[in-house]
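What the coordinates show
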Amino acid sequence: MGQTSQYSHIIQYIKSLFPNQDFIPLHEPRFIGNEKKYLADAIDSTFVSSVGAYVNRFEKMMQDITGARYAIATVNGTAALHMALIVAGVKQGDEVLSQDLTFIATANAISYIGARPVFLDIDRKTLGLSAEKLEAFLKEFGKREGGATFNSKTGNRIAACVPMHSFGFPCEIDRIAAICQEWNIPLVEDAAESIGSYYKGNHTGNFGLLGTFSFNGNKTVTCGGGGAIVTNDERIAKLAKHLTTQAKTPHTWEFNHDYIGYNYRMPNLNAALACAQLEQLNAFVENKRKLAENYKNFFERLEGIEFVAEGKDAKANYWLNTLLLESKAERDAFLGEVNNSGVMTRPAWTLMHKLPMFQDCLRDDLQVSHWVEERLVNIPSSVRI
Ligand SMILES: *Cc1c(COP(=O)(O)O)cnc(C)c1O
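Looking at an unreviewed UniProt entry, one finds the protein chain named GDP-perosamine synthase, with Pontibacter flavimaris as its source organism. Checking UniProt for the protein chain, the heading Catalytic activity (unreviewed entry) contains the comment "GDP-alpha-D-perosamine + 2-oxoglutarate = GDP-4-dehydro-alpha-D-rhamnose + L-glutamate". The UniProt entry for the protein chain carries the following comment under Sequence similarities (unreviewed entry): "Belongs to the DegT/DnrJ/EryC1 family."

1. Thoughts on the site of the ligand
The environment of the ligand is made up of 14 residues, and the closest members are G77, T78, E193, S214 and K219. The separation between an oxygen atom of the ligand and a polar side-chain atom of E193 is 2.5 Å. Separating an oxygen atom of the ligand from a side-chain N or O atom of S214 is a distance of 2.7 Å. For the ligand, the protein covers 93% of the area, taking 380 Å² as the surface of the free molecule. For the shell around the ligand, the secondary-structure elements that each account for two or more residues are α4 (77-87) and α5 (104-112).

2. Section: the packing of aromatic side chains
This structure, assessed with the given rule, holds 14 aromatic pairs. Note on F137 and F141: the rings are 5.0 Å apart at their centroids and 45 degrees apart in plane angle, and the pair reads as tilted. You can see F137 and its partner F141 sitting in helix α6 (residues 131-141), four residues apart, about one turn around the helix. Consider the rings of F307 and Y318, whose centres lie 6.2 Å apart with planes at 10 degrees: the pair is stacked. Remark: Y318 occurs in the loop between β13 (314-315) and β14 (321-324) and F307 occurs in strand β12 (residues 306-307); sequence separation between them is eleven residues. These aromatic residues form a ring-pair network of at least three members: Y13, F169, Y295, F298, F299, F307 and Y318.

3. Digging into the UniProt feature "active site" (unreviewed entry) in the protein chain
Mapped onto this numbering, the UniProt entry annotates "active site" (unreviewed entry) at K219. Counting through the fold element by element, K219 comes out in the loop between β10 (210-214) and β11 (227-231). Sequence-distant contacts of K219, defined by excluding residues within four places in its chain, comprise H27, A192, E193, S214 and W319.

4. Quick notes on the pattern of salt bridges
Under the criterion given, the structure shown has 22 salt bridges. In this structure, the salt-bridge partner of R157 is D94, at a minimum N-O distance of 2.7 Å. Of this pair, R157 sits in the loop between β5 (148-151) and β6 (158-162) while D94 sits in the loop between α4 and β2 (95-99), placing them 63 residues apart in sequence. Judged by its relative accessible area of 26%, R157 is partly exposed. Salt-bridge contacts for K133 lead to D365; the nearest nitrogen and oxygen are separated by 3.0 Å. Of this pair, K133 sits in helix α6 while D365 is found in the loop between β15 (346-347) and α12 (367-375), placing the two residues 232 residues apart along the sequence. Salt bridges linked by common partners bring D121, K133 and D365 together as one network.

5. Observations concerning the pairing of β10
Counting buried residues along β10, five of its five residues qualify, which places the element largely inside the surrounding structure. Along β10, one buried face is formed by L210, T212 and S214 and the opposite face, lined by G211 and F213, is buried too. Examined bridge by bridge, strand β7 (residues 188-190) and β10 share three bridges and lie parallel to one another. Bridged to D190 within β10 is T212.

6. Examining the sheet that holds strand β9 (residues 202-203)
Ordered in space as β9-β8-β13, the three strands form an open sheet in which the pairing is antiparallel. The strands lining the two open edges of the sheet, one partner per strand, are β9 and β13. Where strand β8 (residues 198-199) and β13 come together, two bridges link them in antiparallel fashion. The partner of Y199 across the bridge, within β13, is A314.

Calculation notes
- Residues numbered from 1 in each chain as written.
- Predicted model: local features only at pLDDT ≥ 70, side-chain atom pairs only at ≥ 80, totals over all residues.
- Heavy atoms only, no water.
- UniProt positions renumbered as here; feature names shortened; annotations may be inferred.
- Near = heavy atom within 4 Å.
- Polar contact = N/O pair within 3.5 Å; in protein donor to acceptor, adjacent residues only side chain to side chain.
- Areas by Shrake-Rupley, 256 points an atom, 1.4 Å probe, with all protein chains shown as cover.
- Helix = DSSP H or I, 4+ residues; strand = E, 2+ residues; numbered from the N terminus.
- Phe/Tyr/Trp six-rings, centres within 6.5 Å; stacked < 30°, edge-to-face > 60°.
- Contact = heavy atoms within 4.5 Å.
- Salt bridge = Lys/Arg side-chain N within 4 Å of Asp/Glu carboxyl O.
- Buried < 20%, exposed > 50% of the residue type's maximum accessible area, 1.4 Å probe, protein only.
- Pairing = 2+ DSSP bridges.

Written out as structure tokens, the structure reads:
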């Protein structure tokens, strides 16, 4: 099959999966459960802001879904990550190990504290942080001192490690957790994209000290804007709740605050939406996994295109279905033709170290990151109704 006729074959197939649509977006939200009912209920209750029954219910649901002992609702996933890094003890001048191929929010959250991200390579199979590259970096530069790990070259403390589960595919989080434990580096999982994804039977976000989630409009489940922090550490959970609610000390009428806090708590209106959406999480993930199965069978029969499938230890939510094309030229031709035909497809994020704010950050050879950046595209992945 020639390139152009192969692309029209693909376009036809995607259109057959999402029939009766002039334009097929990458990921559309679906409000087909109790969303309107719970929203009306929240409005009628007059508790529309950061205190309300739905916020507490949302936190309980997140505990049940992830298996974490504590969950703290936040205004969005970026705030969740910022707060998680603060309560993990990251300070100005520290280094935080993360991956070069990620959404900008990962690197931004690290930067809000005045810490510097270190961009490590990703794994070819999982598209998340490479356990091998993490270990290699620590063997070359890590220096243990007084219970912490420092970078022997810069002298800075390595205060946390933030792997990200790219597009909902779990990274090798058990190996990464073991390496972090060995070096006594707090592990904070950016699980923004991986609600409903499991590694070796355990939900993502629950392998280290903290995990964070996003419920932005384009994610698998959404509440407009929202996020969550999960942890099994009671002290950390209490501190996160305290700092996300202006660090106000409890008192019937007095306003006293014992830290510089944040207005980071999810409003009850958003939590009402979140509860209704989380009720449908299993159905959404099953629906998305069926779509992925269809794509897998289709693309397996095509030359020169790799459909990215979950690894043997992983159960992915298939937030965004992912293809790897043969070259950057192929990718650009694909993006051009497919987008022109009303089917939305997108390339990977620009690698973090290429952005002006992060150009002088430490990094490793980033071999796989460069290779993947040139070839990756995401294709329509909404829940089908
Ligand atoms: C969506 C996302 C976030 C941020 O979530 P918001 O709710 O949009 O703030 C963080 N990290 C990753 C990897 C994401 O995809």
